[in-house]
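Listed below are the residues making up each chain.
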Amino acid sequence: MNSLIRNTARCLQSGAAVYMPRQADGRVWTASARFLCAAADFQKALGDMVQKDKVVVFMKGTPAQPMCGFSNAVVQILRMHGVDDYASYNVLEDSELREGVKKFSNWPTIPQVYFSGEFVGGCDILLQMHQNGDLVDELKKLGISSALLEAEKESK
């Protein structure tokens, strides 16, 4: 995160105006280099965040105290599979993070789940993967053995 702060500081010092390509309707957009540089650095930082851990969840609240039903469902699904070691980021603490991750993934809702840097989806997709067995397979690709699979083996 320190590199993000340093890069943003460099951008703030430049302060030059940047002209964006002409839009389809003929308008020309201008934007502060500070804004564009900070946005690009923030997107890079998000890329680093999602690649840092095997499983990353951007959620409302924390795994110990989810602040919405969808975030809670994601936490419960991961818990059922024995996935307790994952990075989670509380988007309620930072509006820039909340909006930035939506742009990063091109997905409009929270929670958002990433496996090894790849966007998986939100609550509905994770629930569907859980129900059809795909989640067990995806976790296996990450080197994570699902607790549900282990429990099924023990019951036989």
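Conventions and cut-offs
- Residues numbered from 1 in each chain as written.
- Predicted model: local features only at pLDDT ≥ 70, side-chain atom pairs only at ≥ 80, totals over all residues.
- Heavy atoms only, no water.
- Helix = DSSP H or I, 4+ residues; strand = E, 2+ residues; numbered from the N terminus.
- Contact = heavy atoms within 4.5 Å.
- Phe/Tyr/Trp six-rings, centres within 6.5 Å; stacked < 30°, edge-to-face > 60°.
- Buried < 20%, exposed > 50% of the residue type's maximum accessible area, 1.4 Å probe, protein only.
- pLDDT = per-residue confidence, 0-100.
- Pairing = 2+ DSSP bridges.
- Right-handed = clockwise from strand over helix to strand, strands pointing away.
- Axes fitted to C-alpha atoms, helices over the stretch in contact; angles between N-to-C directions.

Q: Would you take a moment to explain the environment of I77 for this structure?
A: In this structure, I77 sits in helix α3 (residues 69-80). With 46 residues separating them in the primary sequence, I77 and C123 have C-alpha atoms 9.2 Å apart. Not counting chain neighbours up to four residues away, the residues in contact with I77 comprise L126, L127, H130 and L135.

Q: Where do I start with the packing of aromatic side chains in this structure?
A: Two numbers describe a pair of aromatic rings. These are the distance of the centres and the angle of the planes. Inspection of every chain in the model, using the stated rule, returns five aromatic pairs. Considering the side-chain rings of F58 and Y89, the 5.2 Å spacing of their centres and the 20° angle between planes classify their relative orientation as stacked. Highlighted residues: F58 in strand β3 (residues 55-59) and Y89 in strand β4 (residues 87-90), separated in sequence by 31 residues. A single burial state applies to F58 and to Y89, both of which are buried. Their ring planes at 45° and their centres at 6.2 Å tell us that F104 and Y114 sit as a pair that is tilted. Note that F104 is positioned in helix α4 (residues 95-105) and Y114 in strand β5 (residues 112-115), a separation of ten residues in sequence.

Q: What should I look at first to understand the confidence of the model for the protein in this one?
A: Atomic detail in the predicted coordinates should be set aside for any region of low pLDDT. For the protein, the mean per-residue pLDDT works out to 80, and 71% of the residues sit at or above 70. Here strand β1 (residues 17-19) stands out as the least confident element of the protein, with mean pLDDT 35; β5 is the most confident, with 98. Residue range residues 1-23 is modelled with pLDDT below 50. Its contacts to residues more than four positions away, or to other chains, number 32 contacts. For the stretch residues 26-36, pLDDT sits under 50, and the model shows 23 contacts to residues farther than four places along the chain or on other chains.

Q: How should I be thinking about unusual backbone geometry in this particular structure?
A: For residues that are not glycine, phi is negative in most cases, and the peptide bond is trans in most cases. In this structure, the amide linkage connecting I110 to the following residue, P111, adopts the cis form with an omega of 15°. Turning to its location among the elements, P111 is positioned in the loop between α4 and β5. Of note in the backbone geometry, N106 takes a positive phi value of approximately 60° without being a glycine. Topologically, N106 is positioned in the loop between α4 and β5. The class for N106 is exposed, based on a relative accessible area of 68%. The phi dihedral of S116 is positive, around 50°, even though this residue is not glycine. For S116, the position within the fold is in the loop between β5 and β6 (118-121). Accessibility expressed as a relative area gives 46% for S116, which makes it partly exposed.

Q: Looking at this structure, how should I read the pairing of β4?
A: Of the strand pairs in this sheet, β3 and β4 are connected by four bridges, and their pairing is parallel. For M59, the partnering residue across the bridge sits in β4 and is N90. The parallel pair β3 and β4 is bridged by α3, and the resulting crossover is right-handed.

Q: Could you clarify how one ought to interpret the sheet that holds β5 in this entry?
A: In space, the four strands of this open sheet follow the order β4-β3-β5-β6, with mixed pairing throughout. Edge positions in the open sheet fall to β4 and β6, since each of these has one partner strand only. For this sheet, the mean angle separating the axes of adjacent strands, direction not counted, is 25°. One ladder, built from three bridges, connects β5 with β6; its direction is antiparallel.

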